[in-house]
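Overview (structure and organization)
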Amino acid sequence: MIWNDDESLSREKLSEVQLIRLQDTVNSVFAKVSHYRAKMEKAGVTPEDIKTLEDLRKLPFTLKSDLRDTYPFGLFAVPEHEVVRLHASSGTTGKPIVVGYTENDIHTWREMIARTMYAAGVNEKDTVQVAYGYGLFTGGMGVHYGAEKVKARVIPISGGNTKKQIELMEDFGTTVLACTPSYALHLAEVIKSKPGLRQRLKLKTAILGAEPWTEQMRKQIEELLDIEAYDIYGLSEIIGPGVAHECKYKNGLHINEDHFIPEIIDPDTLEPKKPGEEGELVFTTITKEGIPIIRYRTRDLTSLNYEKCECGRTLVRMNKCQGRSDDMLIIRGVNLFPSQIEAALLDLDATSPHYNLHVSRDGNLDNLRAVVERKENCNSDVEILHKKVKSHIQHCIGLSFELELVEPNKLERFTGKSKRVFDTRKN
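What counts, and where the lines are drawn
Residues numbered from 1 in each chain as written. Predicted model: local features only at pLDDT ≥ 70, side-chain atom pairs only at ≥ 80, totals over all residues. Heavy atoms only, no water. UniProt positions renumbered as here; feature names shortened; annotations may be inferred. Helix = DSSP H or I, 4+ residues; strand = E, 2+ residues; numbered from the N terminus. Pairing = 2+ DSSP bridges. Expected span 1.5 Å × (residues − 1). Buried < 20%, exposed > 50% of the residue type's maximum accessible area, 1.4 Å probe, protein only. Domains from an automatic or database assignment. Contact = heavy atoms within 4.5 Å. Buried area = accessible area lost by both parts, 1.4 Å probe.

Thoughts on the UniProt feature "domain: AMP-dependent ligase C-terminal" (unreviewed entry) in the protein chain
Summarizing the sequence annotation, UniProt attributes the feature "domain: AMP-dependent ligase C-terminal" (unreviewed entry) to residues 333-425 in the numbering used throughout. Here residues 333-425 runs as 27% helix and 35% strand, with 14 Å between its end C-alpha atoms.

What about unusual backbone geometry?
Residue Pro72 follows Tyr71 across a cis peptide bond; omega there is 0°. Inspection of the secondary structure assignment puts Pro72 in the loop between α3 (64-69) and β1 (85-88). Unlike most non-glycine residues, Arg299 shows phi in positive territory, near 75°. Relative to the helices and strands, Arg299 is located in strand β12 (residues 296-302).

A short note on the sheet that holds strand β10 (residues 260-265)
Pairing is antiparallel across the open sheet formed by four strands, whose spatial order is β10-β11-β12-β15. Two strands in the sheet have a free side with no partner beyond their single neighbour: β10 and β15 (323-324). By the bridge criterion, two bridges tie β12 to β15 in an arrangement that is antiparallel. Residue pairing in the sheet places Leu301 in a bridge with Gly323 of β15.

Quick word on helix α4 (residues 103-119)
One turn of an α-helix holds 3.6 residues; hence residues three or four places apart share an orientation. With 17 residues, α4 extends 25 Å from end C-alpha to end C-alpha; this agrees with the ideal 24 Å at 1.5 Å per step. Of all the 17 residues making up α4, twelve are buried; the element is thus mostly covered by neighbouring parts of the structure. Within α4, burial applies to Asp105, Ile106, Thr108, Trp109, Glu111, Met112, Ile113, Ala114, Arg115, Thr116, Met117 and Ala119. Just past α4, the residue Gly121 takes up positive phi, approximately 85°.

Thoughts on the sheet that holds strand β13 (residues 304-305)
In space, the nine strands of this open sheet follow the order β4-β3-β5-β6-β7-β8-β9-β14-β13, with mixed pairing throughout. The sheet terminates laterally at β4 (153-155) and β13, the two strands that pair on one side only. Pairing analysis gives three bridges linking strand β8 (residues 240-246) to strand β9 (residues 253-255), with the strands arranged antiparallel. Counterpart to Glu246 in the pairing with β9 is Leu253.

Let's talk about the pairing of strand β11 (residues 279-285)
Burial runs high along β11: seven of the seven residues are buried. By the bridge criterion, six bridges tie β10 to β11 in an arrangement that is antiparallel. Residue pairing in the sheet places Ile264 in a bridge with Leu281 of β11. As judged from the four bridges shared by β11 and β12, these two strands associate in the antiparallel manner.

Some remarks on the domain arrangement of the protein chain
Examined at the domain level, the protein chain breaks down into domain 1 (1-326) and domain 2 (334-423). The straight-line distance from the C-alpha centre of domain 1 to that of domain 2 is 30 Å. Contact with domain 1, which involves 21 residues of that partner, is made by 17 residues of domain 2. Interface area, domain 1 with domain 2, both sides summed: about 1,500 Å², of which 57% is carbon and sulfur.

Structure below.
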């Protein structure tokens, strides 16, 4: 299902649209945003130098620190009275990231989420339960307005209060759940523990994002809830949810290229990667008015596929993110992504994908301790299970570590983005 014709433009026509919008955006930030003008002048580039899409590479990158250093409104390209909404990150590690939306930006955002919902088969017959957080976080309100755009009924419950979530699913006939994958898994486990409950629910679809998740986790969520689970991708810095989404074929996430130009670069050399090669994802917004972003380094690691999808969309597809370059742990010279632990645990019948990683340093030696939950009704001998789990994880990550097996439901469940890594080496 395709929401509008812009999703299936020919590559030639799409490139024409992108170039016009890119040139307009570069002209706008050079004229209106002193921070960008200074960076461009330092790089020796002017708006007149952007004659082709390849010239995008001449422009300097934008980092998260640029948004923090210009807090709160230093990157805005319109007068404050034209900004109709503000969102922001939590700011737990410093100044928050602030993003502003004009009325046109809100319209664009709504359209992007409408594409997302429609691609997953959501329409006016559905009831969407939005269990993403509302407020300054972009997830809740972004998904909310897009779901309404496709004329679905919306339950704006926000995150948390699992008992109430499940009660409303049953009472209101929820057909679509929108939340983080880790919270969806928690809901699935609670629902499964209540005999007969799943049969009384009308759930058929889940729209999951805001954190990395593996194919193994998707399979478990789909099997536990007997639904189809779709991955979505977004960043507050770019627009929020709605940057990319899966269609029914689930063979990559379609990036809305008529609004966001993606690049893949080598995170070390900053040189461009070829189509299909994995690297760091970089975005340039080309229709945002409030806070246009030029070549934003997302730190997410993925690759791009430009082949036309079976669904009819010509929009490039990004593969599921393998992790973030700034989330990667380097332990005794070995690169480790937390998602590798999750994948290993989902390979085993006796463990849940709920875990914590504790990284510390004793002198010059790095130590890793993984805290892992056993599954409910696991009757395996604890000592034998411990050896089996540790051996399997060690084989998957190529790293020795200490394992602590804990009882089911021992670890904290998160209604928003999960926190699983505790690295005290930085303290």
